[in-house]
Every structure is written in C-alpha cells, then in structure tokens.
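Given next are the chains, with one letter for each unit.
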Amino acid sequence: MEDGDSIMEAWAGNGLTVPGANKAALEAVTTGEKGILIAGVDYNAYSSMKKGEPLSIYYPASGTVVNPRPAMILKTAPEMDNAKAFVDFLFSDEAQALVAEAFLLPGRSDVKCDNRSNLEDIPQLATDWNAMLDAATDTAAKLNALCQK
C-alpha cells in the first residue's frame, strides 16, 4: 500500500467527508465540519467578508495553485453558432465585469477586481498540469471509495 493510500484510509477512518462541488467550499473550515477542503472558492470568503463577517484569506508565501476552468465547444454541439456566441460573451467586457463583481477571478488579465486579490497578487506554484490530471482521477476515486465505506 502506498503512503498516500494509508493517509487517505486514516482520514476516512476518522470520519472524513469530501464536500461536493456545489457545497460552500469554505464551510468545512468556518463551521468546523469534519471535511477536507480539496479546493477553495474565493467568492464564498469574499462575499462573507463583504457582509462584515470576520474572515480573512491567506495565501501561502510559497504559493498556491490556481486552477483554470476552460471554456470549450464540442464538435458535436447542435447549436454551434449559439455556442460560439456564448463563449464570445464569456470573455466580453460585460461578462468579465460580472465575474469580478461575483467575487470570482476574471479570465482576462485586463479586468481587475476591487478591494480584493487579483490573480497577479496571488503567489503561484509552478504546476505540471499533465501530471496532475494523470493522478487526479485515480486519487479522487480512491478517496471517495474510502469515504463511502
């Protein structure tokens, strides 16, 4: 058994759960829930801070990983023109301003967020995305299988 497997088994044995994609990413941290934060979404924290909640975001000096979300169109899309128009809209001034207002990081570097971190303010680790993608599926499957026992 690999060291990573035994660590995941220990987590699962202690009642670890993996929050789903639609669960508030910081809920496990802010409420003391017995979950592990696999990925964080800044809009949860920033929107809480805007409401006056005493919450701060800290980025490690060594850097963190910023995971981009690609926008793509499948070759088999039944409404190709509409799909292309939507992707064009995603990167428009209007849509990127909406993204910034929603406490998310815009996909364009010329669109800035007010009163919070912009992408260039966040120290980032150099990331080998191909290696991460190769390992991600197996690791997630193992962890979820252990947590469902």
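Before going further, it helps to examine the overall build of the chain. Assigned secondary structure in the chain consists of six helices and zero strands. Ordered by position from the N terminus, the helices and strands of the chain form the series α-α-α-α-α-α. When burial is assessed residue by residue, the chain has 19% of its 149 residues classed as buried. Taking all contacts inside the chain whose residues are at least 6 apart in sequence as the whole, residues at least 24 apart take part in 43%. Carbon together with sulfur atoms contributes 55% to the accessible area of the chain, which is approximately 11000 Å² in total.

What follows covers the confidence of the model for the chain. A residue-level look at the chain finds 76% of positions with pLDDT of 70 or above and a mean pLDDT of 75. Mean pLDDT per element in the chain: helix H2 (residues 27-31) is the minimum at 54, and helix H4 (residues 80-90) is the maximum at 91. This model gives residues 36-40 a pLDDT under 50, and the stretch forms 11 contacts once residues within four places in sequence are excluded.

A separate point is the pattern of salt bridges. Under the criterion given, the structure shown has three salt bridges. One salt bridge in this structure joins Arg108 and Asp93, with 2.7 Å as the shortest N-O distance. Of this pair, Arg108 sits in the loop between helix H5 (93-101) and helix H6 (129-147) while Asp93 sits in helix H5, and the two are 15 residues apart along the sequence. Glu120 is the salt-bridge partner of Lys112, the closest N and O atoms lying 3.0 Å from each other.

Moving on, we get to a nonpolar patch on the surface. Residues Val65, Leu125, Trp129 and Met132 make up a contiguous nonpolar surface patch of roughly 310 Å² in combined accessible area. Tracing the chain through its elements places Leu125 in the loop between H5 and H6.

As a further point, take the layout of surface pockets. Rolling a probe over the atoms, with the probe sized like a water molecule, indicates the empty space that remains. Of the volumes computed, that of the second largest pocket is approximately 230 Å³. Lining the second largest pocket are Tyr46, Met49, Lys50, Ala100, Glu101, Phe103, Lys112, Cys113, Asp114, Asn115 and Arg116. Of all the elements in the fold, those that place two or more residues in the lining of the second largest pocket are helix H3 (42-50) and H5. For the lining of the second largest pocket, the leading source of residues is H3, giving three residues.

Right, let's talk about H6 for a bit. Note that an α-helix has 3.6 residues per turn; residues three or four places apart therefore point the same way. Taking 1.5 Å of rise per residue, the 19 residues of H6 would be expected to cover 27 Å, and the 26 Å separating its terminal C-alpha atoms lies within 8% of that figure. Helix geometry: H6 is bent most strongly at Ala136, by close to 35 degrees.

With that settled, the discussion passes to the environment of Leu143. Checked against the element boundaries, Leu143 lands in helix H6. The spatial distance from the C-alpha of Leu143 to the C-alpha of Glu9 is 7.9 Å, given a sequence separation of 134 residues.

Looking at the element boundaries, Asn44 is found in helix H3. When its relative accessible area of 18% is taken as the criterion, Asn44 is described as buried. Taking the C-alpha atoms as reference, Asn44 lies 8.0 Å from Phe103; in sequence the two are 59 residues apart.

One can find Gln96 in helix H5. On the basis of relative accessible area, Gln96 is assigned to the buried category, the value being 4%. Engagement of the side chain of Gln96 in a polar contact is seen with the backbone nitrogen of Gly107, the distance being 2.6 Å. When neighbours within four sequence positions are excluded, Gln96 is seen to be in contact with Leu90, Phe91, Pro106, Gly107, Arg108 and Val111.

So, how was this worked out
Counting of residues starts from 1 at the beginning of each chain's written sequence and follows it residue by residue. It should be noted that, the model being predicted, local features are given only for residues of pLDDT at least 70 and side-chain atom pairs only at 80 or more, the latter also being counted only at that level, while totals for whole chains, interfaces and linings use all residues. As a convention, hydrogens and water are excluded, and side-chain values are obtained from all of the structure's heavy atoms. Strands are runs of DSSP state E lasting at least two residues, helices are runs of H or I lasting at least four, and both sets are numbered from the N terminus onward. Each residue's exposure class comes from its accessible area (1.4 Å probe, protein chains only) as a fraction of the maximum for that residue type: buried when under 20%, exposed when over 50%, partly exposed otherwise. Contacts are residue-level and defined by heavy atoms, with any inter-residue pair within 4.5 Å sufficient. With residues, only the protein chains shown are counted as cover, and all accessible areas are computed by Shrake-Rupley using a 1.4 Å probe. Think of pLDDT as the predictor's per-residue confidence, scored from 0 to 100. Any carboxyl oxygen of Asp or Glu that lies within 4 Å of a side-chain nitrogen of Lys or Arg is treated as forming a salt bridge with it. Each patch is built from residues lacking any salt bridge and having more than 30% relative accessible area; the joining distance is 9 Å for like charges and 5 Å for nonpolar side chains (Val, Leu, Ile, Met, Phe, Trp, Tyr). A 1.4 Å probe that fits but cannot get out identifies a cavity on a 1 Å grid over protein atoms alone, an open set with protein on both sides within 12 Å along at least five of seven lines counts as a pocket, and a residue lines either if it has an atom within 4 Å of a point. Grid points are joined across faces, edges and corners, and a volume is the space filled by probe spheres set on the points. Every helix has an expected span of 1.5 Å times one less than the residues it contains. Fitting axes to the seven residues that end at a residue and to the seven that start at it, the angle between those axes gives the bend at that residue. As used in this structure description, the phrase polar contact means that two N or O atoms lie within 3.5 Å; if the pair is within protein, one of them must be able to donate a hydrogen and the other to accept it, and residues adjacent in sequence are counted only when both atoms belong to side chains.

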